[in-house]
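Spelled out from the first residue to the last, the chains are:
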Amino acid sequence: MSDATLLLTAVEQGDPTAAEQLLALLYGELRQLAMSKMAHEAPGQTLQPTALVHEAWLRLVASKNPKFENRAHFFSAAAEAMRRILIDRARRKRTQRHGGGLERTDIDNVEVEAPAPDDQLLAVNEALEKLALEYPVRAELVKLRYFVGMTNEEAAQVLGISLSTAKNYWTFSRAWLFQQIAGLDFDL
């Protein structure tokens, strides 16, 4: 068993120092994943990778009985927590109280643009939820790749699948999600 797996077991059993030791052990990897995801976010993003890691950590370990089978299960849960945080932030930005997605613009510089990044993120999330119903492992791969920023190799290792399977799942999932978001009628 790895150190992380032993610490995860200790956290489950309520060891008060195990959570701190686990965070120290995995913090660098979690921060690297958050940094790679944040690098792909829209300009002007106020959420920092450190804050994303800390908020995800609180969601993962602050529950009364966190249970993680192993390191892969923990990173899948971390990917899900980070995804939910980003989705919640996108939804919050769209609320009327926060401007409803409206931005102050100079009328002289108005240009037609593609959908706002928050709208895109919400569309991907909705399609991803549908994908998870039919293809749960493929949906986990998308979460790890899209929301956490892992490579195919890293995601394959976390999910316990081969690299070629991860590549096939990624290709399929991207096409499937595109079909869902675009509302196309053909089957893959």
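Not measured: the values here are computed from a predicted model.

Engineer: Summarise the packing of aromatic side chains; cite the residues concerned and give the values.
Structural biologist: The full count for this structure, using the stated rule, is 4 aromatic pairs. Between Phe74 and Phe75, the aromatic rings sit 5.7 Å apart at their centres with planes inclined by 85°, giving edge-to-face as the arrangement. Phe74 gets classed as buried once you look at its relative accessible area, which sits at 0%. The exposure class of Phe75 is buried, given its relative accessible area of 4%. Each member of the aromatic cluster is reached from another via a ring pair, and the members are Trp57, Phe74 and Phe75.

Engineer: Talk me through the environment of Asn152; I want residue IDs and the actual numbers.
Structural biologist: Summarising the element assignment, Asn152 is placed in helix H7 (residues 152-159). Along the backbone, Asn152 and Ala166 are 14 residues apart, and their C-alpha atoms lie at a distance of 6.0 Å. The contacts of Asn152, once residues within four sequence positions are left out, are Arg145, Leu163, Ala166, Lys167 and Trp170.

Engineer: Please give an account of helix H1 (residues 3-12) that cites residues and values.
Structural biologist: Every buried residue of H1 is listed here: Ala4, Thr5, Leu7, Leu8, Ala10 and Val11. Looking at the buried positions of H1, the neighbouring elements they touch are helix H2 (18-38), helix H3 (49-61) and helix H4 (71-94). A positive phi of about 90° marks Gly14, the residue just after H1.

Engineer: Any details on the pattern of salt bridges? Residues and values, ideally.
Structural biologist: A complete count under the given rule lists 6 salt bridges for this structure. A salt bridge links Asp88 to Arg59; the nearest nitrogen and oxygen atoms lie 3.3 Å apart. With Asp88 in helix H4 and Arg59 in helix H3, this pair connects stretches of sequence that are 29 residues apart. Its relative accessible area of 31% is what places Asp88 among the partly exposed residues.

Procedures and definitions
Residues numbered from 1 in each chain as written. Predicted model: local features only at pLDDT ≥ 70, side-chain atom pairs only at ≥ 80, totals over all residues. Heavy atoms only, no water. Phe/Tyr/Trp six-rings, centres within 6.5 Å; stacked < 30°, edge-to-face > 60°. Buried < 20%, exposed > 50% of the residue type's maximum accessible area, 1.4 Å probe, protein only. Helix = DSSP H or I, 4+ residues; strand = E, 2+ residues; numbered from the N terminus. Contact = heavy atoms within 4.5 Å. Salt bridge = Lys/Arg side-chain N within 4 Å of Asp/Glu carboxyl O.

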